[in-house]
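The lines below spell out each chain.
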Amino acid sequence: MSELSKTLDDALAVAHLPALLMALVHLTGDEGLLTAERRPVYVLLADGKDGGYPPEVQADIRDRARAAITAYLAGAPLPPQPSPAAIRKMMDWIAGVDIPSHYAPFLMDELGLGDIDTKTPDWTSPRLEAAARRLKVVVVGAGMSGLLAGIRLKQAGVDFTIIEKNADVGGTWLENVYPGCRVDNPNHMYSYSFEPNHDFPQFYSTQGVLLAYFRKVADKHDLRSRIRFSTSVEQAVFDEGAGKWRVEIQTPAGDRESLEADVLISAVGQLNRPKFPDIDGMETFEGPSFHSARWRHDVDLAGKRVAVIGTGASAYQFVPKIAPEVGQLEVFQRSPPWTFPAPTYHHDVPEGKKWLLEHVPFYGKWYRFWLFWMLTDGFYEGVKTDPTWNGPPHAVSAANDVMRELVTAAIRAQAPEDLDLLEKVIPTYPVGGKRALLDNGVWLEALKRDNVDLVTAPISKIVPQGIVTADGATHEADVIIYGTGFHASRFLWPMRIVGRGGVELHEAWDGDARAYLGMTTPGFPNLFMVYGPNTNIVVNGSIIFFSECSVRYIVGALKLMAERDLATMEVRGDVHDAFNVRVDAANALMAWGSQHVSSWYKNAKGRVSQNWPFPLVDYWNATVSPNPDDFLLTQKVKAEA
Ligand SMILES: Cc1cc2nc3c(=O)[nH]c(=O)nc-3n(C[C@H](O)[C@H](O)[C@H](O)COP(=O)(O)OP(=O)(O)OC[C@H]3O[C@@H](n4cnc5c(N)ncnc54)[C@H](O)[C@@H]3O)c2cc1C
């Protein structure tokens, strides 16, 4: 057997067969391959790799792929690309359902096939190029969203500076260095659509791998020279006379400096400012204590009595890591997270799969497409409230109840005898009420350890020796770790942003941040936000998708300013308000809007200010380009234009 056939056999053995079938259509030009017997049948929450095909169909797809890939690698030319109608049919095939037709342009864009590319700026006329050069933009933040803004602004030819408080790029993936930190979307979709990485070592990469990815992207697009590191934006004031933002920054030397910008883009994230709970006596604790997002690697946990407060996404990742090392671990839980079975959560990507991604044309695109569909809008209906649902409040619809049954069974199977533990870890709120975490068994394994205890009694205070619970028990600890999340609903905080008429943004919001499409707010001309209010997603979508849509829209707004010689663009109050009425009504009908759920998605006023309540396709459609009628536009004065 030649080296190639061995490599190919190994690769085909681990291939995602429905994606391979799509690649086969590209390689052979044979649309007749899409027969009923080759239409996959997926099982909810399973990995879908074999498409539910009987063994003979699996073998047939592999045999055909072996022949076609061998011929291609030997130099056979690719046939013409499938027609749009064929690609449309292929989408239905790989999804295993008939995808509604209004999804087609959106998914075609995501696939990167055909002529649709809505995200790369196209500012080709000489007049636009000149106007682009005159625009000055300040971007705050060099995490995933700020880098993306930089890439697109550079492609558009716009002059920009990124201000970043840290000494490096990466944001979330630079700051969260707690043990076990990793992404909980499959990596082949948690990456920019235009920067695939066929070399991700695991399906769900660890923090270090993601940081390396974002660093590499920053270098490839030569962004570092445009970033001012270790510099923070303290405030920005809109100068109405000049139609410019005066952006006040603090330099690494501690000096204040003012920058002028036509447009200010905030890319400061929703989860960048760690939040501590408000517990009596916190400051009296005599041992070390720290937040998971500021992990103290200098604190040796070996053999110590450690208390962890919180069972959210971060604690869920670091508790299994530290449990074997510490002497005693008490985990204080307010409400348990839902967990979805994900057997590959810690698995390496087999070499064969990497080989297919790298060498077989279109395999990677269709694999990403499959992930995208199955993990995002494919899930949507299951977390939507059915107003006619009259079952128990632990579900919001019949479909949601089925999901609950499935997930509950998977949790029970891990500790069938331990009824006390099951009682504590099975949520009583509906699936989708909070972001579901991925379960490969390590969480319950950790909680079942002799040196670990899950405490559900509410915390009443912290004392020098440890934590006192409402039942009067004192839980002595040497170290306290806060896995208590972020100041998510305080968007753009602690920056001071002053808009028209001297109005400060946080005063205007009064604890209830809102924006049109998550990006713009009345009274704050030429200010745009990425990952702003109501652009978070709960059920396993990737925030990168949202940021790509937002940045496309913002660059579209800049193009409008350049084309029309605009001085300012300010969203109309009625447009903004009507949008938010729709958002609120829709959020109330989602599992996370249920009155039986309390979570960081709801702000102090009880409103869901974090999440997008509609299918992803709706955000894609709404952000293709700004509608000038949604804005109050002012022209530049002639001399300036
Ligand atoms: C532990 C963790 C795990 C996550 N896992 C996932 C996941 O699996 N999937 C998913 O889709 N999302 C996940 N998220 C959400 C994640 O935040 C986004 O996916 C993404 O990283 C957001 O990128 P961003 O650039 O918008 O924000 P961030 O990554 O938060 O970057 C914001 C940047 O702005 C900078 N900044 C802030 N304020 C200022 C200022 N005043 N001046 C200068 N610079 C400033 C910060 O230093 C930072 O670099 C996770 C978040 C956390 C915390």
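A brief structural summary. (Residues numbered from 1 in each chain as written. Predicted model: local features only at pLDDT ≥ 70, side-chain atom pairs only at ≥ 80, totals over all residues. Heavy atoms only, no water.)

Quick word on the sheet that holds strand β18 (residues 496-498)
With respect to topology, four strands assemble into an open sheet ordered β6-β5-β4-β18, the strand pairing being mixed. At either end of the open sheet lies a strand with only one pairing partner, and these are β6 (256-261) and β18. When the angles between neighbouring strand axes are averaged without regard to direction, this sheet yields 20°. (Pairing = 2+ DSSP bridges. Helix = DSSP H or I, 4+ residues; strand = E, 2+ residues; numbered from the N terminus. Axes fitted to C-alpha atoms, helices over the stretch in contact; angles between N-to-C directions.)

Notes on the packing of aromatic side chains
Applying the stated criterion to the full structure yields 31 aromatic pairs. For the ring pair Y316 and W443, a centre distance of 5.0 Å and an interplane angle of 40° mean the geometry is tilted. A residue pair is termed long-range when its members are at least 10 positions apart, and Y316 in helix α10 (residues 313-322) and W443 in helix α16 (residues 442-448) qualify at 127 residues. This pair shows no difference in class: Y316 is buried, exactly as W443 is. (Phe/Tyr/Trp six-rings, centres within 6.5 Å; stacked < 30°, edge-to-face > 60°. Buried < 20%, exposed > 50% of the residue type's maximum accessible area, 1.4 Å probe, protein only.)

Quick notes on the site of the ligand
The immediate surroundings of the ligand are formed by 35 residues, with S145, E164, D184, N185 and Y190 found nearest. N166 is positioned with one of its side-chain polar atoms (N or O) 3.2 Å from an oxygen atom of the ligand. In this structure, a nitrogen atom belonging to the ligand sits 2.9 Å away from a main-chain N or O atom of V233. Against a free-state accessible area of 970 Å², the protein chains account for coverage of 96% of the ligand. (Near = heavy atom within 4 Å. Polar contact = N/O pair within 3.5 Å; in protein donor to acceptor, adjacent residues only side chain to side chain. Areas by Shrake-Rupley, 256 points an atom, 1.4 Å probe, with all protein chains shown as cover.)

Some remarks on helix α6 (residues 126-134)
Taken residue by residue, α6 has L128, A131 and A132 as its buried positions. The arc enclosing the buried residues of α6, seen along the axis, measures out at 105°, which places them on a common side. Seen from the buried face of α6, the exposed residues on the opposite side, beyond 90 degrees, are P126 and R133. Those residues of α6 hidden inside the fold are in contact with α7 (144-156), β2 (159-163) and α18 (543-563). (Arc of directions from axis to C-beta. Contact = heavy atoms within 4.5 Å.)

Points about the environment of F276
Turning to its location among the elements, F276 is positioned in the loop between β7 (263-266) and β8 (289-291). Each C-alpha atom of the pair F276 and I309 lies 9.8 Å from the other, and the pair is 33 residues apart in sequence. Setting aside anything within four residues of it in sequence, one finds F276 in contact with M282, F290, H291, Y482 and T484.

What about the packing of α7 against α18?
It is the contact of α7 with α18, at a shortest axis distance of 10 Å, that shows an interaxial angle of 35°. For the element pair α7 and α18, the recorded crossing hand is right-handed. For the pair formed by α7 and α18, the contact residues are M144, S145, L148, A149, R152, L153 and A156 on the first element and I543, I544, S547, E548, V551, V555 and L558 on the second. Its residues assigned to classes, the contact of α7 with α18 comprises ten nonpolar, two polar and two charged. (Left-handed = near helix turned anticlockwise from the far one by under 90°. Nonpolar A, V, L, I, M, F, W, Y, C, P; charged D, E, K, R; others polar.)

A few points about the environment of V263
By the secondary structure assignment, V263 is in strand β7. Using a relative accessible area of 0% as the deciding quantity, one classes V263 as buried. Spatially, the C-alpha atoms of V263 and P525 are 8.4 Å apart, while their sequence positions differ by 262 residues. Those residues in contact with V263 that sit more than four places away from it in its chain are K136, V137, V138, W245, N526, F528, L558 and M561.

Some words on the side chain of S594
Looking at the secondary structure, you find S594 in the loop between α19 (573-588) and α20 (616-622). A residue is classified by how much of its surface remains accessible, and S594, at 9% relative accessible area, is buried.

Topic: the sheet that holds strand β19 (residues 527-529)
Spatial strand order, β3-β2-β1-β7-β19: five strands in an open sheet with parallel pairing. The open sheet has two free edges, formed respectively by β3 (227-228) and β19, since each of these has just one partner strand. Both strand β1 (residues 136-140) and β2 contribute to a ladder of five bridges, which runs parallel. Paired with K136 across the strands is D159, a residue of β2. With respect to the sheet, α7 is in contact with β1, β2, β3 and β7, its orientation differing from that of β2 by roughly 165°.

What about the environment of A36?
Residue placement: A36 occurs in the loop between α2 (17-28) and α3 (55-73). Taking the C-alpha atoms as reference points, A36 and W443, separated by 407 residues in sequence, lie 40 Å from one another.

Notes on α10
A large share of α10 lies buried, amounting to eight of its ten residues. Buried within α10 we find S314, A315, Y316, Q317, F318, V319, P320 and I322. Residues of α10 that are buried make contact with β9 (305-309), β10 (328-332), β11 (339-341), β12 (437-439), α16 and β17 (479-482).

Some points on the nonpolar core
L20, W123, I322, L329, W366 and I481 are the most contacted members of the largest nonpolar core, which totals 167 residues. Each residue touching W366, except ones within four places of it in the same chain, is listed here: A19, M22, H26, I87, M90, M91, I94, L111 and L113. Membership of the second largest hydrophobic core comes to 23 residues, among which are I163, I249, L259 and F491. (Core = buried A, V, L, I, M, F, W, Y, C linked by side-chain atoms within 4.5 Å.)

Brief notes about unusual backbone geometry
The omega angle of the peptide bond from W493 to P494 is 5°, so this bond is cis rather than trans. Although it is not a glycine, L492 adopts a positive phi angle of roughly 70°. In this fold, L492 is placed in the loop between β17 and β18. Unusually for a residue other than glycine, D565 sits at a positive phi of about 50°. Take D565: it is sitting in the loop between α18 and β20 (566-571).

Some thoughts on a negative patch on the surface
Together, E417, D418, D420 and E423 line one region of the surface with negative charge. With respect to the helices, strands and loops of the structure, D418 is situated in the loop between α14 (398-412) and α15 (419-425). Classification of D418 by relative accessible area gives partly exposed; the value is 31%. (Patch = residues over 30% accessible without salt bridge, like charges linked within 9 Å, V, L, I, M, F, W, Y side chains within 5 Å. Salt bridge = Lys/Arg side-chain N within 4 Å of Asp/Glu carboxyl O. Lys, Arg positive; Asp, Glu negative; His and termini not counted. Charge placed at Lys NZ, Arg CZ, Asp CG, Glu CD.)

Remarks on the packing of α2 against α3
Relative to each other, α2 and α3 sit at 40°, their axes nearing to 10 Å. The orientation of α2 relative to α3 falls into the category oblique. For the crossing formed where α2 meets α3, the hand is left-handed. Residues L17, L20, L21, L24, L27 and T28 of α2 form the contact with α3, whose participating residues are Q58, I61, R62, R64, A65, A68, I69 and Y72. Taken together, the residues that form the contact of α2 with α3 break down as ten nonpolar, two polar and two charged. (Parallel < 35°, antiparallel > 145°, perpendicular 65-115°, else oblique.)

Considerations on the side chain of S542
Relative to the assigned elements, S542 resides in the loop between β19 and α18. At a separation of 3.0 Å, a polar atom in the side chain of S542 contacts the main-chain amide nitrogen of I544. Other than its neighbours up to four places away in sequence, S542 contacts N185, M189, Y190 and I537.

By themselves, these observations are geometric and do not establish any function.
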